[in-house]
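One-letter residues, chain by chain:
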Protein chains: 2
Amino acid sequence: MPKNSKAATVAEIAAMAGVSSATVSRVLNHKGIVKGDTYDRVVAAVHELGGSFSERTEVEPSGGLLIFNLPSLDNPFYSEIVRGAKTSATRHGYHLLINEEHINRNTMPRVLKLLHKTRAVGMVTTNHISPDILQKLASTVALVQCCEYDEELDLPYVSIDDLSASKNIVEHLLAMGRRRIAFISGPARYKYARHRLQGYRTALQEAGLEEDPRLIVQLPEISYDLSISSAMQLLNADNPPDAFFTASDVYAAAVVRAAYLAGYRVPQDLMVAGFDNIEFSSMAIPSITTVSQPRTQLGFMACELLLEKIMDPDIPNKKIVLETELIVRESTAI
Amino acid sequence: MPKNSKAATVAEIAAMAGVSSATVSRVLNHKGIVKGDTYDRVVAAVHELGGSFSERTEVEPSGGLLIFNLPSLDNPFYSEIVRGAKTSATRHGYHLLINEEHINRNTMPRVLKLLHKTRAVGMVTTNHISPDILQKLASTVALVQCCEYDEELDLPYVSIDDLSASKNIVEHLLAMGRRRIAFISGPARYKYARHRLQGYRTALQEAGLEEDPRLIVQLPEISYDLSISSAMQLLNADNPPDAFFTASDVYAAAVVRAAYLAGYRVPQDLMVAGFDNIEFSSMAIPSITTVSQPRTQLGFMACELLLEKIMDPDIPNKKIVLETELIVRESTAI
């Protein structure tokens, strides 16, 4: 700590109070969790070191770099998630940097070098990683999964209930009188794609409707162009759909464009619902019905879990599922 | 270097060849720049150390972390720029991580700590930073400006010619018969905003048209919502514009929405042109005429300049201006 700084480091406070750094951090940042004598000792140490509890105690960045891994910066879906994570990191005196990488067998050596080189103490992952790679990563650095997670491994995550969110939005389309609802999604290796398909199916089943496999499209990636072609094919075929539910707003935007090209009016001839509530969905004409994920909270919680894990590697792995919200807009409103 | 690795480090090659690391890196990565005896010695050293020149010589990440600073992840404009920079960094054996931060007096202490903590050797900045802060940053770490740059300071940058790009797109609107062209842009502290306004003015002047100050809007930030209100005001006023040129595709999307709300047909009643060619501009209905920036190349060149600067801090500061391209789409085509 620089001599002139007013801030004490967590380590100094811990040493003076005779408690662990983890405990100090809990007292400073999760007020109310630590009580009694331990709490009093930490507060006394903060005062002793020139700090104050009347206002937010400033904590020197404690040496921790956290890496937030994104598969791609193209998808604006992630910006608010990162913002949430950064808020948590900053609050605890940690730095957070973003790495854009598909983590797989090929890129893993580079990721490990990066962790080593930057002395990162934790990582949040957001995309699908094969279980063996994920396991190896988690044995190298504290790790929390955000959004996408592995259903088999015992690792911490923060995500949403894709199944009920999808069921909910398909039920909305059914309530609007639609009966031939097409579904566009991503590859089945993604948890989100499997669960959203399941939600779609459950809604149809409960409504007593037969599933038409020709209306289910699984694209190899979230691609606007591929999605336009798929939608065009369905719209130009016999017995076209009267609505689309898509597993991403990017797909939904493509369907709106395909409808425009094929001469369908949205929502009259064709209703369209997406997922994620990215900015584009409210900017499109017509604006697009979608599912809003609590993105800031997803990122914030993921980082909080990560810091807990860093401070106490032995705590059980938490698995948190957050609520979503259906946002009805012009593309499904008549 | 690990005993079993086939890759030699730049330092090892340099030591064996009796040249600087900078020279080794130039030979390996900018084939053709270094010639003659020096080149031969580096190649010999690579072979001696078990490497090969027949295929891409693998260089161990040399210990360098580069930080690419973005003001916000919200603007999808930056994703390709980062991709270009990352391609350059990886090619030279460097790591590149993204920091989301508005660098100013308040955040500067944290940025300096971050640089220190992560031992970053270089930084690319992309947004407006006040000259004193920028100068201080450049004295701490190798620095290159990308997109936004300070016109007064002697620091390296890679950017575009905003003036001629803007003049060009306004001339396109004039050629389409438009005479009351409104202009929406950002705050004048941004180089891009000043230059694009200048391009707009030059085009009007050369066409012999009077400038109407009521048609020029400078918003405090790139905000979709603010932009809708401004466009609505102009469209509902007496003597409304017959076209909009906006300094960002986000503004242009807002104008298209405002036109829709106010009952104007785009492009018949109102033409709209944006800037940046973000993905949204081609997804919108109608698709939006815009200026394409060579984004991958902007990022790539910025990182190349940065690595040159890291390898040889004494080379003169290069200032590179790249070409843009006018993309005509439905919003200005009748």
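In this report, the structure presented in the accompanying data block is examined. Note that the coordinates shown come from a computational prediction; the quantities given were computed from them, not determined experimentally. (Residues numbered from 1 in each chain as written. Chains lettered and ligands numbered in written order. Predicted model: local features only at pLDDT ≥ 70, side-chain atom pairs only at ≥ 80, totals over all residues. Heavy atoms only, no water.)

This part covers the overall build of chain A. Across its full length, chain A carries twelve helices and twelve strands. For chain A, the residues scored as buried account for 59% of the 334 residues in total. Carbon and sulfur atoms provide 50% of the accessible area of chain A, an area that totals close to 13700 Å². (Helix = DSSP H or I, 4+ residues; strand = E, 2+ residues; numbered from the N terminus. Buried < 20%, exposed > 50% of the residue type's maximum accessible area, 1.4 Å probe, protein only. Areas by Shrake-Rupley, 256 points an atom, 1.4 Å probe, with all protein chains shown as cover.)

Turning our attention to the interface of chain A and chain B. Facing 40 residues of chain A, the contacting portion of chain B comprises 40 residues. Taking both sides of the interface into account, the surface hidden between chain A and chain B amounts to around 4100 Å²; carbon and sulfur atoms contribute 58%. Three residues, Leu97(A), Met283(A) and Ile285(A), lead the burial of chain A against chain B; their summed loss comes to 17% of the area buried on that side. In this assembly, chain A and chain B are joined by eight salt bridges. Close ionic contact of Arg83(A) with Glu100(B) constitutes a salt bridge, the shortest N to O distance being 3.4 Å. Counting only elements with at least two residues in the side of chain A that touches chain B, the list comes to strand S1 (65-70), helix H4 (79-91), strand S2 (95-100), helix H5 (108-118), helix H10 (249-262) and helix H11 (279-283) of chain A. Counted by class, the side of chain A that touches chain B contains 18 nonpolar, nine polar and 13 charged residues. (Contact = heavy atoms within 4.5 Å. Buried area = accessible area lost by both parts, 1.4 Å probe. Salt bridge = Lys/Arg side-chain N within 4 Å of Asp/Glu carboxyl O. Nonpolar A, V, L, I, M, F, W, Y, C, P; charged D, E, K, R; others polar.)

Our focus in this paragraph is the relation of the copies chain A and chain B. Between the two copies, chain A and chain B, the superposition gives an RMSD of 0.2 Å; the rotation angle is 180° and the shift along the axis is 0.0 Å. The relationship between the two copies is best expressed as a two-fold rotation axis. In this assembly, 100% of the residues forming the interface of chain A have copies in chain B that are likewise at the interface, indicating an isologous arrangement. (Least-squares fit on C-alpha atoms with pLDDT ≥ 70 in both.)

Apart from glycine, the bulk of residues carry a negative phi angle, and the bulk of peptide bonds sit in the trans form. In this structure, Pro267(A) follows Val266(A) across a cis peptide bond, with omega equal to 10°. Positionally, Pro267(A) belongs in the loop between H10 and strand S9 (271-273). Across the junction of Ile285(B) and Pro286(B), the peptide omega takes the value -5°, indicating a cis bond. Position of Pro286(B) relative to the elements: it lies in the loop between helix H11 (279-283) and strand S10 (290-292).

In this structure, Thr246(B) sits in strand S8 (residues 243-246). In terms of polar contacts, Thr246(B) uses its side chain to reach the backbone amide nitrogen of Ala252(B), at 3.2 Å. (Polar contact = N/O pair within 3.5 Å; in protein donor to acceptor, adjacent residues only side chain to side chain.)

Residues and elements named next belong to chain B. Buried residues dominate strand S3 (residues 120-125), accounting for five of its six residues. Pairing analysis gives four bridges linking strand S1 (residues 65-70) to S3, with the strands arranged parallel. Each residue of the ladder has a partner; that of Leu65, found in S3, is Ala120. (Pairing = 2+ DSSP bridges.)

Our next topic: the pairing of strand S4 (residues 142-146) of chain B. Residues and elements named next belong to chain B. Within S4, five of the five residues are buried, which leaves the element mostly enclosed by the surrounding structure. Judged from the four bridges that link them, S3 and S4 form a sheet pairing that is parallel. Across the sheet, residue Met123 finds its bridge partner in S4, namely Leu143. As paired strands, S4 and strand S5 (residues 157-160) are joined by two bridges and run parallel to one another. Pairing of Gln145 across the sheet is with Tyr157, part of S5.

By size, the foremost hydrophobic cluster in this structure holds 159 residues, and its most contacted members are Tyr200(A), Phe245(A), Tyr200(B) and Phe245(B). Within the second largest apolar cluster, 36 residues are counted, among which are Ile67(A), Ile129(A), Met108(B) and Leu114(B). (Core = buried A, V, L, I, M, F, W, Y, C linked by side-chain atoms within 4.5 Å.)

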